[in-house]
Amino acid sequence: MDCDLPLLPREKLLQFGVEALTDTELLALFLRTGTSGKSVFILSQELLQHFGSLYGLLSADLVQFKHVEGIGLAKYAQLKGIAELARRYYSVRVLEENLLLSPEMTREFLQSQLSDAEREIFLVIFLDNKNRVLTHSRLFAGTLSHVEVHPREIVREAIKVNAAAVILAHNHPSGCANPSKADKEITERIVKCCQFMDIRVLDHFIIGRGEYVSFAEHGWI
């Protein structure tokens, strides 16, 4: 075997751990095969270069793959399956482990749930009095630029699960995470409504594409 050849992704993972893999190697591990005249490693490199990042690749829709050489319906399905598997993993993991110990962990979870949504989704994480996650729910869904939120519904759900605190989050499909006047107003309404029932609102995250805004970090909540 040519000693100049790099260690195969699977061998590298087994020897050094999955964290040692580059984005290209990790993608190649999932795709498994390349195309005629092109190895899976080269295909993975070209895909990441074309879409700019793993995020760009996994959040792209079928139309964006139309003119990408080497990606047919089968590999497109593989990529979308990887993205959905990651989203579901985060969704289950946050309930089974006490992950929301820092804003960074919370942000990563919320980005996994909301960043690639094509319309505005308003998600609420419900926590107990020790800030452990009880459950999370996509309570409201809207259009590309608007979602109608009802504070009383949030309070009703919090009471139902005996939550002592909540974390609010919604996405901006446009990609820009800057809060609008309406975002700030609905946050104030939710905070006031929750205060009547002694429910704390810990934060409100707005998730964009590759960016986010935390109301708590800015002192708005």
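Look up: the structure comes first, before these words.
Every chain's residues receive numbers from 1 upward, in the order its sequence appears when written. Selection of residues for local features in this predicted model requires a pLDDT of at least 70, selection of side-chain atom pairs for listing and counting requires 80 or more, and totals for whole chains, interfaces and linings are taken over all residues. The basis for the side-chain values is all heavy atoms of the structure; hydrogens and waters are excluded.

1. Observations concerning the side chain of Asn171
Basically, it comes down to this: Helix and strand labels come from DSSP, where a helix needs a run of H or I of at least four residues and a strand needs a run of E of at least two; each type is numbered from the N terminus. Relative accessibility thresholds used throughout: buried, under 20% of the residue-type maximum; exposed, over 50%; partly exposed, between the two (1.4 Å probe, protein chains only). Here a polar contact is recorded for every N or O atom pair within 3.5 Å, except that within protein the pair must consist of a potential hydrogen donor and a potential acceptor, and residues adjacent in sequence are included only if both atoms are side-chain atoms. In what follows, a contact means two residues having at least one pair of non-hydrogen atoms within 4.5 Å.
Checked against the element boundaries, Asn171 lands in strand β3 (residues 165-171). Residue class for Asn171 comes out buried when judged on its relative accessible area of 1%. Engagement of the side chain of Asn171 in a polar contact is seen with the backbone oxygen of Arg119, the distance being 3.0 Å. A distance of 2.6 Å separates a polar side-chain atom of Asn171 from the backbone nitrogen of Ile121. Residue contacts for Asn171: discarding those within four places in its chain leaves Leu114, Ala117, Arg119, Glu120, Ile121 and Ile207.

2. What about the pattern of salt bridges?
Quick reminder of the rule: A carboxyl oxygen of Asp or Glu within 4 Å of a side-chain nitrogen of Lys or Arg is what we treat as a salt bridge.
In the structure shown here, the tally under the stated rule is six salt bridges. Ionic pairing is found between Lys38 and Glu46, a salt bridge with its closest N-O pair at 2.7 Å. A salt bridge links Arg88 to Glu84; the shortest N-O distance between them is 2.7 Å. Linking Arg88 with Glu84, this pair stays in helix α5 (residues 73-96), spanning four residues, or about one helical turn. Among the residues examined, Arg88 registers a relative accessible area of 52% and is labelled exposed.

3. Some points on the pairing of strand β1 (residues 121-127)
What counts is decided by this rule: Strand pairing requires that DSSP identify at least two bridges connecting the strands.
Where burial is concerned, most of β1 is hidden: seven out of the seven residues are buried. Looking at chain direction, β1 and strand β2 (residues 133-141) are connected through seven bridges and run antiparallel. Within the sheet, the bridge partner assigned to Ile125 lies in β2 and is His136. The antiparallel pairing of β1 with β2 creates a hairpin that spans five residues between the two strands, and Asn131 there sits at a positive phi of about 60 degrees. Bridge analysis of β1 against β3 gives six bridges, and the strand direction is antiparallel. Counted as the bridge partner of Leu123 is Ala169 from β3.

4. Quick notes on the packing of aromatic side chains
Counted only if it meets this: Stacked, tilted and edge-to-face are the three classes assigned to paired rings of Phe, Tyr and Trp, where Trp is represented by its six-membered ring and a pair needs centres within 6.5 Å; plane angles under 30 degrees give stacked, over 60 edge-to-face, the rest tilted. Lysine NZ or arginine CZ positioned within 6 Å of the ring centre and within 35 degrees of the ring normal marks a charge as sitting over the ring.
Considering all chains together, one arrives at five aromatic pairs under this definition. With centroids separated by 4.8 Å and ring planes inclined at 40 degrees, the aromatic side chains of Phe51 and Phe65 adopt a geometry described as tilted. Note that Phe51 is positioned in helix α3 (residues 40-51) and Phe65 in the loop between α4 (54-58) and α5, a separation of 14 residues in sequence. Judged by relative accessible area, which is 16%, Phe51 ranks as buried. Between Phe65 and Tyr76, the ring centres sit 5.3 Å apart and the planes meet at 70 degrees, which makes this aromatic pair edge-to-face. Placement of Phe65 in the loop between α4 and α5 and of Tyr76 in helix α5 is noted, with a sequence separation of 11 residues between them. Aromatic rings pair up to connect Phe51, Phe65 and Tyr76 into one cluster. In this arrangement the basic side chain of Lys184 is found over the ring face of Trp220, its NZ or CZ atom lying 4.4 Å from the centre.

No statement about biological role is implied by the geometric values presented.
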